Amino acid sequence: TVSSNSISVSMGGSDDAPFLKIPLINGRALGVTYLEWRVNNGTAPAASHNEYAQLLMEGIPLDIVFDHNSNALDIKSSDDDSITLYKIYRKKLQYFLQTSTEYNPEKILKFLPSQFLHEYSLILSKLGKHDEVLKIYITQMKDLQIA
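Described in the following lines is the structure provided in the data block. Since we're looking at a predicted model, the values are computed, not measured.

### Comments concerning the packing of helix α2 (residues 46–59) against helix α3 (residues 81–99)
Thought 1: Running from N to C, α2 and α3 point in directions that differ by 155 degrees, and their axes come no closer than 9 Å. Between α2 and α3, the angle is such that the two are roughly antiparallel. Crossing of α2 against α3: the hand is left-handed. On α3, the residues touching His-49, Tyr-52, Ala-53, Leu-55, Leu-56, Met-57 and Gly-59 of α2 are Tyr-89, Lys-92, Leu-93 and Phe-96.

### Comments concerning the packing of aromatic side chains
Thought 1: Following the criterion strictly, the structure yields four aromatic pairs and no others.
Thought 2: Ring plane angle 80 degrees and centroid distance 5.1 Å describe the contact between Tyr-52 and Phe-96, whose orientation is recorded as edge-to-face. In this pair, Tyr-52 sits in helix α2 while Phe-96 sits in helix α3, placing the two residues 44 residues apart along the sequence.
Thought 3: Among the residues examined, Tyr-52 registers a relative accessible area of 3% and is labelled buried.
Thought 4: Of note, Arg-90 hangs over the ring of Phe-116, and the distance from its end group to the ring centre comes to 4.3 Å.

### Considerations on α3
Thought 1: Along its 19 residues, α3 runs 27 Å from first to last C-alpha, staying within 8% of the 27 Å computed at 1.5 Å per residue.
Thought 2: Along α3, 15 of the 19 residues are buried, which leaves the element largely enclosed by surrounding structure.

### Structural notes on the pattern of salt bridges
Thought 1: Under the counting rule described, the total for this entry stands at four salt bridges.
Thought 2: In this structure, the salt-bridge partner of Lys-92 is Glu-36, at a minimum N-O distance of 2.5 Å. In this pair, Lys-92 sits in helix α3 while Glu-36 sits in helix α1 (residues 27–40), placing the two residues 56 residues apart along the sequence. Residue Lys-92 shares its accessibility class with Glu-36, and that shared class is buried.

Quick notes on the rules
- Residues numbered from 1 in each chain as written.
- Predicted model: local features only at pLDDT ≥ 70, side-chain atom pairs only at ≥ 80, totals over all residues.
- Heavy atoms only, no water.
- Axes fitted to C-alpha atoms, helices over the stretch in contact; angles between N-to-C directions.
- Helix = DSSP H or I, 4+ residues; strand = E, 2+ residues; numbered from the N terminus.
- Parallel < 35°, antiparallel > 145°, perpendicular 65-115°, else oblique.
- Left-handed = near helix turned anticlockwise from the far one by under 90°.
- Contact = heavy atoms within 4.5 Å.
- Phe/Tyr/Trp six-rings, centres within 6.5 Å; stacked < 30°, edge-to-face > 60°.
- Buried < 20%, exposed > 50% of the residue type's maximum accessible area, 1.4 Å probe, protein only.
- Lys NZ or Arg CZ within 6 Å of the ring centre and 35° of its normal.
- Expected span 1.5 Å × (residues − 1).
- Salt bridge = Lys/Arg side-chain N within 4 Å of Asp/Glu carboxyl O.

Take it as geometry only, folks, not as evidence of what the structure does.
Written as structure tokens, this is what we have:
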């Protein structure tokens, strides 16, 4: 378990996104939690998948000092609350983009912050644009391991 000032997170492996809890500090967090439950138990219609992704993207604090192109999202005890929330929201978004087949990729691309190259690549992959994905991983992210 990692604890920052007010957020406590039980640590798991790289696929821990479904188990990370977002603190219910505002209406968006409550909406994300509810839609996540509906999406994960298969009761959410396709439109709710799009809404869930949009709420996740809106919940990511972009005003923090962090390399947004990086995909280093392991939560550390030295992370403050905003960095911890940032990592939780991005991990949940990435997990969702990889596992859901119900969202509209074109619609999600309209709302995706441009600096989130890994998420962009996940969506392009769903669209079958694998050459573009490789270009992003190799030329922009310079991550040959992921490519």
